[in-house]
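Breakdown of the fold
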Amino acid sequence: MSIPVPAPVRGFFRRHTALTRALEIVVRPIEAQSKKAVFGCKMCGQCILHETGMTCPMGCPKTLRNGPCGGVRMGGQCEVLPEMMCVWVKAERRSRWLPWRGAILKIQPALDWSRKGSSAWVNVLAGRHGKETS
């Protein structure tokens, strides 16, 4: 489930880089505070909350974006931080309640670490999200 942004909108933001940077400055703090409080967002700049049961996969100590490692403990705890529930166990359980529950099965592209700390919302508008990167 990707967010469709019309090509003219993406083109506008790509052509007007100063406006895109200004929007980033305004939007980033709002996005960071709201998504961190609600979803534990780590601001990777390539949000896939809607495909991971509204659970931020970047909360995984190993930053795994395509499912759990082989070390999930019997009770669902993390291999690295046993006091923490595995992010992917939470994601799978939460995704059961969503109308788009099958989205968790989608294979995610590798993370572009150069976007860490940037606004995923602005990146989507500018067409800099996931496979849309050019």
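See the structure printed just above.
What comes next concerns the included structure. Worth saying up front: this structure is predicted, and the values here are computed from it rather than measured. Here, residues in each chain are numbered from 1, in the same order as that chain's written sequence. Two thresholds apply to this predicted model, a pLDDT of at least 70 for residue-level local features and 80 or more for giving and counting side-chain atom pairs, whereas whole-chain, interface and lining totals are computed over all residues. The side-chain figures draw on all heavy atoms in the structure; neither hydrogens nor water molecules are used.

**Observations concerning unusual backbone geometry**
- Phi is positive for methionine 43, close to 55°, though the residue is something other than glycine.
- For the purposes of this entry, the term helix denotes a DSSP run of H or I that reaches at least four residues, the term strand denotes a run of E that reaches at least two, and both are numbered from the N terminus. Among the structural elements, methionine 43 can be located in the loop between α2 (17–39) and α3 (87–95).
- Partly exposed describes any residue whose relative accessible area lies between the buried limit of under 20% and the exposed limit of over 50%, with all areas from a 1.4 Å probe on protein chains only and scaled to the type maximum. Residue classification places methionine 43 among the buried positions, given a relative accessible area of 11%.
- One non-glycine residue, methionine 54, adopts positive backbone phi at about 60°.
- Relative to the helices and strands, methionine 54 is located in the loop between α2 and α3.
- For methionine 54, a relative accessible area of 24% gives the class partly exposed.

**Quick look at the nonpolar core**
- Of all hydrophobic cores here, the largest spans seven residues; its members are Cys44, Cys47, Leu49, Cys56, Met58, Leu111 and Ala120.
- Apart from the residues within four sequence positions on either side, cysteine 44 is in contact with Met58, Arg65, Leu111, Arg115, Lys116 and Gly117. To form a nonpolar core, buried Ala, Val, Leu, Ile, Met, Phe, Trp, Tyr and Cys residues must be joined to one another through side-chain atoms within 4.5 Å. Contacts: residue pairs with any heavy atoms within 4.5 Å of one another.

**Section: the state of the cysteines**
- The definition used for a disulfide is geometric: two cysteine sulfur atoms within 2.5 Å. Within this structure, the stated rule accounts for zero disulfides.
- Looking at the unpaired cysteine 56, the closest cysteine sulfur is the one in cysteine 41, lying at 5.1 Å.
- Taking the relative accessible area as the measure of exposure, cysteine 56 reaches 11% and is therefore buried.
- With no disulfide of its own, cysteine 86 lies 6.4 Å from the sulfur of cysteine 78, the closest cysteine sulfur.
- The class of cysteine 86 is buried, set by a relative accessible area of 8%.

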